[in-house]
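A structural walkthrough
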Amino acid sequence: MTTNTPILIIGAGFAGLGMAIQLKRTGREDFVLIERANDVGGTWRDNHYPGIACDVPSHLYSYSYLPNPDWTRVFSPGGEIQSYIRTCAEDEGILPHIHFDTDMLESRWDAEANEWVVETSNGTYRAKILITGTGHLADGHMPKIDGLDSFKGEVFHSADWDHSVDLNGKRIGVIGSGASAIQIIPEMQKCASEMVVFQRSAPYMVPRWDREYTAGERRMCRRDPSVIEDMRSEIFWAGEFNFAQRRNIPRFLEEAKTLAVSHRETHIKDPELLKKLTPDYEIGCKRLLISNTYYPAIAAENTTLEASALARVDGTKAIGASGEAYELDVLIFATGFEAVRPPFAARIFGAEGISLDAHWDKGMQAYDSIAVHGYPNLFIINGPNTGLGHNSVVYIIEAQVDYILGALDHIEAQNVSVIEVKPEAEEAYMDKIDVMSQGTVWLAGGCKSWYVDERSGRLTLIWPDFAHSFRDENGRFHPAGYTTQSLTAAE
């Protein structure tokens, strides 16, 4: 069976749904959204581990045009965010447009028909315009560990939590010390008889200024929408202030480090443990984490911090790179996501039949962070250079959706059948990104992080400037960067 549609969107998380909602709000009904799972939500549907919550305050980590007065906390739990996303899809009438349980297997550009042919687990789609909204955190990263197959106990990834496993009284190993791990570890410490944390590098951490919203505050938000607007503005500009740290400005770095050191030394009194928990790179080089419960959990009597990566497994033993071995019943991999080389890129083949992953053999790149030469009529939301280390990615998504709406208007107005980025425009954009990246803490901070592609040393994931500058630069379609082909002639 083949489904024909003018516009095909891949993914029903914040990005894909945000695109669908705005298409519908601007009067377009001619789109289909395919989703590999049986529900909307993306990252917040797939990640349901104990303790999951957002690191961006909820009143900003939501669509600007769909405020939610009923957030219960400053930083909402994951389940609450998932419910919000589902409500948005229902209220905006998007569900009838979604084909669930439909995994994109391969997308190929058909130059004769000037359309994308998309093979899925549920049939073939043909679309004039293809929009990906799969995001950076769609697929968990599982490191290759020698002997892992020999492990006698339970093994799972934080992005695929196995709730059937009874963890009470178990000897639990947690691999990782990033954003997911520092939420999981306090919960595992409560139920484990023993817990070992394998830490490849120590994270910087600052207090989490979280609290419940009172019933009165929520009532005020319902009665007066300007209250939420004011809160969003305050949170946004506080985040923008923090970009100065990433810009590697000494005064702001010192302020952030002082806060992190004070937080660490307040909770960790053992000198040896304090040494293990002290990062050896500049603050902000890796994601700055927020938690009030991580350090107490690490300092608990039933916790051992192994200050090296998990190197190999032998039966029931998990062995760190230091050579220390631990008898364990469960291994939980909180080892992040396939963000640098997103799996969807290996499934998209452009005009020359080359996969996007192969085309990006020196790292991801895209003109205006959204379109790639050689891949006509394709727009990528939340792709290269769209991540933020200091603010809400939903803000970036909304800017990219506006860009695509402008492109669609241009395509309609000019009767365009093919639109493709000029190679020189893409290279000029990437040269600008490279210049902006120089001197930032991500490149100069002395760490190894997923923000930088190891193959090229380029900053491929992060937008290296203020969030509001992304909207200024990329929130509006730029036709001059593209060649177009109408139904009758090429320009």
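Under an unreviewed UniProt entry, the name given to the protein is 4-hydroxyacetophenone monooxygenase, and the organism recorded is Celeribacter baekdonensis.

**Topic: helix α7 (residues 250-267)**
The end-to-end C-alpha distance of α7, which contains 18 residues, comes to 26 Å, matching closely the 26 Å that a straight helix rising 1.5 Å per residue would cover. Taken together, the buried positions of α7 are occupied by F252, L253, A256, K257, A260, H263 and R264. Taken around the axis of α7, the buried residues stretch over an arc of 125°, which confines them to a single face. Facing away from the buried side of α7 by more than 90 degrees, the exposed set consists of P250, R251, T258 and T266. Next to the buried residues of α7 lie β10 (205-206), α6 (225-246), α8 (271-276) and α9 (294-299).

**Remarks on the packing of aromatic side chains**
Applying the stated criterion across every chain yields a total of 23 aromatic pairs. Relative to Y295, the ring of Y294 has its centre 5.8 Å away and its plane inclined at 50°; by these criteria the two rings are tilted. We note that Y294, like Y295, is buried. The ring of F75 is capped by R208, whose NZ or CZ atom sits 4.6 Å from the centre of that ring. The positively charged end of R471 is found above the aromatic ring belonging to Y395, 5.8 Å away from the centroid.

**Some details on the state of the cysteines**
What makes a disulfide is a covalent bond joining the sulfur atoms belonging to two cysteines. Counted under the stated rule, the structure contains one disulfide. Between C285 and C447 runs a disulfide, and the two sulfur atoms are separated by 1.9 Å. As the torsion about the S-S bond is roughly -90°, the C285-C447 disulfide counts as left-handed. In this pair, C285 sits in the loop between α8 and β11 (289-290) while C447 sits in the loop between α13 (441-444) and α14 (467-474), placing the two residues 162 residues apart along the sequence. A residue is classified by how much of its surface remains accessible, and C285, at 0% relative accessible area, is buried. Cysteine C54 remains unbridged, with the sulfur of C88 as its closest cysteine sulfur at 14 Å. The thiol of C221 is unpaired, and the distance to the nearest cysteine sulfur, on C88, comes to 16 Å.

**Structural notes on helix α1 (residues 14-25)**
If you check α1, its first and last C-alpha atoms are 16 Å apart, about what 12 residues at 1.5 Å a residue would give, namely 16 Å. Among the 12 residues of α1, 10 are classified as buried, and the element is accordingly described as predominantly covered. Turning to α1, its buried residues are F14, A15, G16, L17, G18, M19, A20, I21, Q22 and L23. Looking at the residues trailing α1, positive phi occurs at G27, about 90°.

**Considering the packing of helix α5 (residues 215-223) against α6**
Between α5 and α6, the least distance of the axes is 4 Å, while the angle of their chain directions is 110°. Judged on the interaxial angle alone, α6 and α5 are roughly perpendicular. Of α6, the residues touching α5 (which contributes M220, C221 and R223) are P225, V227, I228 and M231. Grouping the amino acids of the contact of α5 with α6 by side-chain chemistry returns six nonpolar, no polar and one charged.

**Here we look at the pattern of salt bridges**
Summed over all chains, the structure comprises 30 salt bridges. Linking D55 and R208 is a salt bridge whose minimum nitrogen-to-oxygen distance equals 3.0 Å. A residue pair is termed long-range when its members are at least 10 positions apart, and D55 in the loop between α2 (43-46) and α3 (78-91) and R208 in the loop between β10 and α5 qualify at 153 residues. Accessibility expressed as a relative area gives 18% for D55, which makes it buried.

**Things to note about the sheet that holds strand β15 (residues 325-327)**
In space, the three strands of this open sheet follow the order β13-β14-β15, with antiparallel pairing throughout. Bordering the open sheet on either side are β13 (310-314) and β15, each of which pairs with just one other strand. For this sheet, the mean inter-axis angle between neighbouring strands, taken without regard to orientation, is 25°. Pairing of β13 with strand β14 (residues 317-320) involves four bridges; the strand directions are antiparallel. Residue pairing in the sheet places L310 in a bridge with G320 of β14.

**Concerning the pairing of strand β6 (residues 123-132)**
Here β6 lies mainly inside the structure; seven of its 10 residues are buried. Judged from the eight bridges that link them, strand β1 (residues 2-10) and β6 form a sheet pairing that is parallel. Looking across to β6, one finds that N4 is bridged to R126. Relative to β6, strand β5 (residues 115-120) runs antiparallel, the two sharing five bridges. Considered in β6, the bridge of W116 is made with A127. In sequence, β5 turns back onto β6 through a hairpin of two residues. As paired strands, β6 and strand β18 (residues 378-380) are joined by three bridges and run parallel to one another. Counterpart to T132 in the pairing with β18 is I380.

Parameters and conventions
- Residues numbered from 1 in each chain as written.
- Predicted model: local features only at pLDDT ≥ 70, side-chain atom pairs only at ≥ 80, totals over all residues.
- Heavy atoms only, no water.
- Helix = DSSP H or I, 4+ residues; strand = E, 2+ residues; numbered from the N terminus.
- Expected span 1.5 Å × (residues − 1).
- Buried < 20%, exposed > 50% of the residue type's maximum accessible area, 1.4 Å probe, protein only.
- Arc of directions from axis to C-beta.
- Contact = heavy atoms within 4.5 Å.
- Phe/Tyr/Trp six-rings, centres within 6.5 Å; stacked < 30°, edge-to-face > 60°.
- Lys NZ or Arg CZ within 6 Å of the ring centre and 35° of its normal.
- Disulfide = S-S within 2.5 Å.
- Axes fitted to C-alpha atoms, helices over the stretch in contact; angles between N-to-C directions.
- Parallel < 35°, antiparallel > 145°, perpendicular 65-115°, else oblique.
- Nonpolar A, V, L, I, M, F, W, Y, C, P; charged D, E, K, R; others polar.
- Salt bridge = Lys/Arg side-chain N within 4 Å of Asp/Glu carboxyl O.
- Pairing = 2+ DSSP bridges.

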